[in-house]
Amino acid sequence: MTTAASERLDTDRDRSAADEYVLERQVGHLLRRAHQRHAALFQERIGSAALTPMQWAALFSLVRHGPTTQNRLGRLTAMDPATIQGVVRRLVARGLVVRSADPSDRRTRLLAATQAGHALVTATLPIAREISDATLAPLDEAERALFLKLLTRMAFA
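Draft legend 1. Structural view of the nonpolar core. Counting residues in each nonpolar core, the largest one holds 24 residues, and the members touching the most others are L51, A58, L59, L73 and L91. Every element with two or more residues in this core is listed here: α2 (27-46), α3 (53-65), α5 (81-93), β2 (105-113) and α6 (115-136). In terms of residue count, α6 provides more of this core than any other element does, five residues in total. If we ignore the near neighbours within four places in the chain, the residues touching L73 are A58, S61, L62, T68, I84, V88 and L111.

As structure tokens, then:
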């Protein structure tokens, strides 16, 4: 068999395999598309608060859980150490978060939301709920409950 014939067979085999694989039905592709839609809704609606979804999650977690270490905040928000470091740095620079020494262990630094941070979470919490509702809008109530149940199972597997 000639090289050209061999390459044609490989191309035919590749094309056949590709025909069986439908990108638009793959979980990673669909999750990415759903995330893109959610992120666009977030940016559109969060507006003047000028927070990224990760910044909002970190700030909200500090308001909800109170002062905590950067390490714990990263775990609460599912962010790796490098990512949470950048998020915290930007929140501190905006005056939404402060660092202080832990009174029980001076080697440890605690993060806490400032008054401005608390006020921003209070102001944007209704918008965050609207964003979630808008993201889930294509689904009816039963589908929403099932989707969130299954997504939670996948996220924490």
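From this point on, the discussion continues.
Draft legend 2. Up close: the packing of aromatic side chains. Applying the stated rule across the entire model yields one aromatic pair. Summarising the aromatic geometry, the rings of W56 and F60 are spaced 5.1 Å apart at their centres and angled 10 degrees between planes, so their arrangement reads as stacked. Within this pair, W56 and its partner F60 are both found in helix α3, separated by four residues, close to a single helical turn. Residue classification places W56 among the buried residues on the basis of a relative accessible area of 11%. Judged by relative accessible area, F60 falls into the partly exposed class, the value being 24%.

Draft legend 3. Representation of a nonpolar patch on the surface. A contiguous nonpolar patch, built from V27, L31, F147, L148, L151 and M154 and spanning about 510 Å² of accessible area, is present on the exposed surface. Looking at the nonpolar patch, the elements that each hand over two or more residues are α2 and α7 (141-155). Per-element accounting of the nonpolar patch gives the leading share, four residues, to α7. Exposure remark for M154: the relative accessible area of 51% places this residue in the exposed category.

The rules we used
- Residues numbered from 1 in each chain as written.
- Predicted model: local features only at pLDDT ≥ 70, side-chain atom pairs only at ≥ 80, totals over all residues.
- Heavy atoms only, no water.
- Core = buried A, V, L, I, M, F, W, Y, C linked by side-chain atoms within 4.5 Å.
- Buried < 20%, exposed > 50% of the residue type's maximum accessible area, 1.4 Å probe, protein only.
- Helix = DSSP H or I, 4+ residues; strand = E, 2+ residues; numbered from the N terminus.
- Contact = heavy atoms within 4.5 Å.
- Phe/Tyr/Trp six-rings, centres within 6.5 Å; stacked < 30°, edge-to-face > 60°.
- Patch = residues over 30% accessible without salt bridge, like charges linked within 9 Å, V, L, I, M, F, W, Y side chains within 5 Å.
- Areas by Shrake-Rupley, 256 points an atom, 1.4 Å probe, with all protein chains shown as cover.
- Salt bridge = Lys/Arg side-chain N within 4 Å of Asp/Glu carboxyl O.

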